[in-house]
Amino acid sequence: MTTISPAVLPILMLFASNVFMTFAWYGHLKFKESWLPAVVLVSWGIAFFEYWLAVPANRWGSEVYTAAQLKTIQEVITLIVFAAFSVLYLKEPLGWNHGVGFALIAAGAFFIFHRW
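As the structure is a computational prediction, the values presented were derived from the model and not from experiment.

Trainee: Before we move on, can you summarise the overall build of the protein chain with the specific residues and values?
Mentor: Scanning the protein chain from terminus to terminus reveals 4 helices and 0 strands. Secondary structure elements of the protein chain occur, N-terminal to C-terminal, as α-α-α-α. Taking the intrachain contacts of the protein chain between residues at least 6 apart in sequence as the baseline, contacts between residues at least 24 apart amount to 78%. Here the protein chain holds 6 positive side-chain charges and 5 negative ones, and the gap between their average locations is 3 Å.

Here's what the structure looks like:
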């Protein structure tokens, strides 16, 4: 049986948790006519499953990464997942300015992980 590396498992779990959270936060935008309290409850229900992935990912990830590194991983994953969600689900295009902004965040991630 193959086991997943302790450095990779938290990243995979954070990707999965971000898919849930992105749908919880933004999925309802395709259903703007829906009753807001119902949307909040559905979103909260989706977020419940996100927490079951994110909390263990951060707990186990803290054995390999610092808290700042975990947060940086989370933010980069969030942008990747959201960019795909925005284009594929919401049908909203990304422009050059989004690419520049994402590149600057990636540069920030470089400085968080680089040991000086």
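After that view of the structure, there is still more to cover.
Trainee: Would you mind going over the nonpolar core in detail, with residue names and values included?
Mentor: Counting 8 residues, the largest nonpolar core consists of M13, L14, A57, Y65, L70, I73, I77 and V81. Those elements that provide at least two residues to this core are α1 (9-26) and α3 (67-88). The element best represented in this core is α3, accounting for 4 residues. In this view, L70 contacts N58, G61, S62 and Y65; residues no more than four positions away in its chain are not counted.

Trainee: Talk me through the packing of aromatic side chains; I want residue IDs and the actual numbers.
Mentor: What the rule picks out here adds up to 11 aromatic pairs. With 6.4 Å between their ring centres and 80 degrees between their planes, Y65 and F113 make a pair best called edge-to-face. Placement of the pair is Y65 in the loop between α2 (36-61) and α3 and F113 in helix α4 (residues 96-113), with a sequence separation of 48 residues. A network of ring pairs unites the aromatic residues F23, W25, Y26, F82, F85 and Y89 as a single cluster. The ring of Y89 is capped by K30, whose NZ or CZ atom sits 4.5 Å from the centre of that ring.

Trainee: Residues and numbers for the environment of F49, please.
Mentor: With respect to the helices and strands, the residue F49 is situated in helix α2. Among the residues examined, F49 registers a relative accessible area of 47% and is labelled partly exposed. The spatial distance from the C-alpha of F49 to the C-alpha of V39 is 16 Å, given a sequence separation of 10 residues.

Trainee: I'd love a proper account of the pattern of salt bridges, names of residues and values included.
Mentor: Scanning all chains against the criterion turns up 1 salt bridge. A salt bridge links E75 to K71; the nearest nitrogen and oxygen atoms lie 2.7 Å apart. Of this pair, E75 and K71 both sit in helix α3, separated by 4 residues, roughly a single helical turn.

Trainee: Summarise the packing of α1 against α3; cite the residues concerned and give the values.
Mentor: Packing of α1 against α3 leaves a shortest axis separation of 9 Å and a crossing angle of 50 degrees. Taken together, the axes of α1 and α3 lie oblique to each other. Between α1 and α3 the crossing geometry is right-handed. Touching I11, L14, F15, N18, V19, T22, F23 and Y26 of α1 are I73, Q74, I77, T78, I80, V81, F82 and F85, all from α3. Across the contact of α1 with α3, the residue classes break down as 12 nonpolar, 4 polar and no charged.

Criteria and cut-off values
Residues numbered from 1 in each chain as written. Predicted model: local features only at pLDDT ≥ 70, side-chain atom pairs only at ≥ 80, totals over all residues. Heavy atoms only, no water. Helix = DSSP H or I, 4+ residues; strand = E, 2+ residues; numbered from the N terminus. Contact = heavy atoms within 4.5 Å. Lys, Arg positive; Asp, Glu negative; His and termini not counted. Charge placed at Lys NZ, Arg CZ, Asp CG, Glu CD. Core = buried A, V, L, I, M, F, W, Y, C linked by side-chain atoms within 4.5 Å. Buried < 20%, exposed > 50% of the residue type's maximum accessible area, 1.4 Å probe, protein only. Phe/Tyr/Trp six-rings, centres within 6.5 Å; stacked < 30°, edge-to-face > 60°. Lys NZ or Arg CZ within 6 Å of the ring centre and 35° of its normal. Salt bridge = Lys/Arg side-chain N within 4 Å of Asp/Glu carboxyl O. Axes fitted to C-alpha atoms, helices over the stretch in contact; angles between N-to-C directions. Parallel < 35°, antiparallel > 145°, perpendicular 65-115°, else oblique. Left-handed = near helix turned anticlockwise from the far one by under 90°. Nonpolar A, V, L, I, M, F, W, Y, C, P; charged D, E, K, R; others polar.

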